[in-house]
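Below are the chains, spelled out letter by letter.
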Amino acid sequence: MKRMKSLFIMCFIFVMIFSLAACNSTSDKTASTKPASNGGGSKSGDVGTVNIGYTGPLSGPAAFYGKRTLNGISMAADEINSAGGFEVGGKKYKLNIVSLDDKYLPNEAGANAKRLMQENKTPIIFTPHSGGVFALQVFNQQDKFIIGAYTSEPKVSDVGNKLTVRIPPRYDGYLKPFTDYAMDKFGKKIAFLPTASQYGKDWSAKLKPYWEKQGGKVVYNSSIDFAKETDFFTIVTNALKEKPDVLFIGGASEPTAKVAKQARELGFKGGFIIMDQAKLDEMKKITGGYDALNGAIGVMPLVDSDEAAVPEYVKNYKAKYNEDPGSEAGLNYIGMYAFVEAMKAAGSVDDVEKIRANMQKGLDNLPDKAKVYNIPKIGEDGGFESKLVVAAVENGKIVPIQVK
Amino acid sequence: MEILIQQLFNGLTIGSVYALVALGLTLVYGILHIPNFAHGALYMMGGYVTLTMMTKFGLHYWIAIFVSIIVVGLIGVLMERLVFHPLREAPPIHDKIAAIGILLFLEAFAQKIWGADYQSMPTPYESVVQIFGLTITMQRLLIVIAAIVVMILLYLFLKKTYTGATIIAMSQNREGANLVGVNTNKVAMLTFMISGGLAAIASSLSAPINLVFPGMGQLVILKAFVIIILGGMGSIPGAIVGGYILGFSESLGATYISNDYKDIIAFVLLVIILTVKPTGLFSKGGH
């Protein structure tokens, strides 16, 4: 009897867990299939549907990041659909975003991509992490789909995969402007305190030789595991003991901001080099203003960008998702538009080689409203070659920094 | 020298948080012999409840903490009633599985209600104090002092009150306590209530120096388990001393040995202590 009872409780817990999980996926589904069903209602016979795949972290600690990247894609798709879809080869098409959760794990991303191909025949699959991109690159050329790679990891475009489109600029482009600015303003001694992720380590590995080549010195080289540390005071104290002029920090914006704030509390007066994963405007919310971040150099926040399309985009995004868009949303938004334009230019929605070959035309034909970043060109390696937009914080204000 | 004092203070801060979390864990273990893996989730719920009380209802920090203690305490009681109580005759493995189930449930629940993003808890004690080259923020000082006050109160409650004595009695011998007329159900619920309350205090105090997010419980729960093993499962002084040992070993180890190996230092310490005293520092002979 007791055993039955405990069995019942266990079942109950599992039912709760599964029903919760089910809630999640149904809400995602309705969100993503809505546009397509709208289209079906008006002219069901001659409107085709193009499924666009997405695999990214939609649960777990990186869920907010996954959501933001997905928001960018969905927003572009919704806009295209509500404008009546797009025409390829005389036929109207609408977009349908199919999103799957991979919990930030490369193996899950791979499984999701297989599923997306089999169930939805998605010509394009977006994924917002380098691990996922590497996993997909194993079979995307055989299975014929384009990876919409949202990662600034240069390696994803260096491996010679012909069907990978890297959306953000590669991060090694930031080394020079960041180093020049920080050395010029503050000095040659730097302490490394980035996140302990693979991405943070890759960044450190690139920044260190560059900084030393410019005559600088790395006085402290460590990393912080944001998933394990409750308090950063200890490590920041140790880094500051070496009297650095500049701190290299980075990772998700919010914990990075806490590191910066605690460094200031401990009396640090120098500058910050902020890895491109963290965004100045999101950090500001944690530090309570830009003053604590004076002397920081990082990626220009999208909301402060001077591109013509930005104000309208920020307004629409805010109305839809009730927060300021970051580059995660903005770049994926452009990415989605560029793919649609490339399909138009290619005259096909499923010949992926042709779509990839027409990506340059896709970028050329971008509608004005989609140009929230200036991306003139896609390189041979499949990376978007956008103009780097770098900003520094001076006297509590964002100042654009010209990249030479 | 300044660095040493600064790091001792840092170790004291983090050790206080660890000790508070470990106390809740060890109390439940001592009385019900359940390794409550969901304790980290209670810690997380405490952070969110305090934050919500402050931002949505505009309550003062202390009142918000008080509400949080009550709410999380009640979640603890609910957990005991709905899950652990019905499982009390089941094989011990069922408790463990159930605890992991609760952990997953609460984390998913928090993500559903509050979203997955990092949130920052404001505190009225932002100011920075410099004494003899030592940098202290008021919040950190508060953590250290509040932890000591809570420990003293808990000690007085357990040693000086009748209800507290029933908890001790039950941890020493459950059947014996039952025989002399202690209501074991009530004591079990009370223990979960206190355990939840301690988790809420720990997270509400430490959240302003870190962030509030669904996975925040995982920052401390693993360490809390190390602490109670080190201190002796179910031992209250063990949890306190173990918490400070771990806090100091992390901060001093990171400073004088290597930051990258500081977790290893804590575990080496655990190995050494368990080699010398296999049952932990303060274990009772009975178990």
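Residues numbered from 1 in each chain as written. Chains lettered and ligands numbered in written order. Predicted model: local features only at pLDDT ≥ 70, side-chain atom pairs only at ≥ 80, totals over all residues.

Quick notes on the environment of B:T191
Residue and element names in this part refer to chain B.
Stage number 1. Positionally, T191 belongs in helix α8 (residues 184–206).
Stage number 2. Here the alpha-carbon distance between T191 and L154, two residues 37 residues apart in the chain, equals 12 Å.
Stage number 3. Beyond its immediate chain neighbours, meaning those up to four positions away, T191 contacts L27, V28, I31 and I167. (Helix = DSSP H or I, 4+ residues; strand = E, 2+ residues; numbered from the N terminus. Contact = placed C-beta atoms within 7 Å.)

Comments concerning the packing of helix α1 (residues 2–32) of chain B against helix α10 (residues 236–256) of chain B
Helices that pack against each other are described as a pair by the angle of their axes relative to one another and the distance between those axes.
All names here are of chain B.
Stage number 1. Across the interface, α1 lies against α10 with an axial gap of 6 Å and an inter-helix angle of 145 degrees. The element α1 and its partner α10 pack so that their crossing is right-handed.
Stage number 2. Of the residues belonging to the contact of α1 with α10, the class tally is 14 nonpolar, eleven polar and one charged. (Axes fitted to C-alpha atoms, helices over the stretch in contact; angles between N-to-C directions. Left-handed = near helix turned anticlockwise from the far one by under 90°. Nonpolar A, V, L, I, M, F, W, Y, C, P; charged D, E, K, R; others polar.)

Overview of the environment of B:G115
Stage number 1. Among the structural elements, B:G115 can be located in the loop between α4 (92–114) and β1 (128–131).
Stage number 2. Sequence separation of B:G115 and B:P214 is 99 residues, and the distance between their C-alpha atoms is 8.1 Å.

Re the sheet that holds strand β1 (residues 47–56) of chain A
Residue and element names in this part refer to chain A.
Stage number 1. Overall, mixed pairing links the six strands, which are arranged β2-β3-β1-β4-β5-β6 in an open sheet. Edge positions in the sheet fall to β2 (86–88) and β6 (164–166), since each of these pairs with one other strand and no more. Averaged over all adjacent pairs, the angle separating strand axes in this sheet is 35 degrees, with direction ignored.
Stage number 2. Here strand β4 (residues 124–127) runs beside strand β5 (residues 146–149); their pairing, made up of four bridges, is parallel. The residue bridging T127 from the neighbouring strand is A149, located in β5.
Stage number 3. Along the sheet, helix α13 (residues 327–346) makes contact with β2, β4 and β5, crossing β2 at roughly 35 degrees. (Pairing = 2+ DSSP bridges.)

A look at helix α7 (residues 175–185) of chain A
An α-helix turns once every 3.6 residues. As a result, residues three or four positions apart point the same way.
All names here are of chain A.
Stage number 1. Buried within α7 we find F178, T179, A182 and M183. The buried residues of α7 occupy an angular sector of 115 degrees when projected down its axis, which confines them to one face.
Stage number 2. Backbone geometry just after α7 places G187 at a positive phi near 145 degrees. (Buried ≥ 20, exposed ≤ 12 C-beta atoms within 10 Å, placed from the backbone. Arc of directions from axis to C-beta.)

Digging into the nonpolar core
Nonpolar side chains in soluble globular proteins generally cluster together in the buried interior.
Stage number 1. Counting 139 residues, the largest nonpolar core has A:L193 and B:V21 as its most contacted members.
Stage number 2. Per-element accounting of this core gives the leading share, 14 residues, to α1(B).
Stage number 3. Apart from residues lying up to four places away in sequence, B:V21 is in contact with B:Y43, B:A199, B:A202, B:V220 and B:A224. (Core = buried A, V, L, I, M, F, W, Y, C linked by C-beta atoms within 7 Å.)

What to know about the interface of chain A and chain B
Stage number 1. Listed by partner, the interface residues are 35 residues for chain A and 43 residues for chain B.
Stage number 2. Breaking the side of chain A that touches chain B down by element, the ones donating at least two residues are α1 (2–42), α2 (63–82), α9 (233–241), α10 (253–265) and α11 (280–287) of chain A.
Stage number 3. Tallied by class, the residues present in the side of chain A that touches chain B amount to 16 nonpolar, eight polar and eleven charged.

Here's the deal with the sheet that holds strand β15 (residues 397–401) of chain A
Residue and element names in this part refer to chain A.
Stage number 1. If you walk across this open sheet you meet the seven strands as β8-β7-β9-β10-β11-β14-β15, and the pairing is mixed. On the outer flanks of this sheet lie β8 (217–221) and β15, each paired with one strand and no other. In this sheet, neighbouring strand axes are inclined to one another by 25 degrees on average, regardless of whether the strands run parallel or antiparallel.
Stage number 2. As defined by bridge partners, strand β7 (residues 189–193) adjoins β8 across four bridges and the pair is classed as parallel. Looking at β8, one finds that I190 is bridged to V218.

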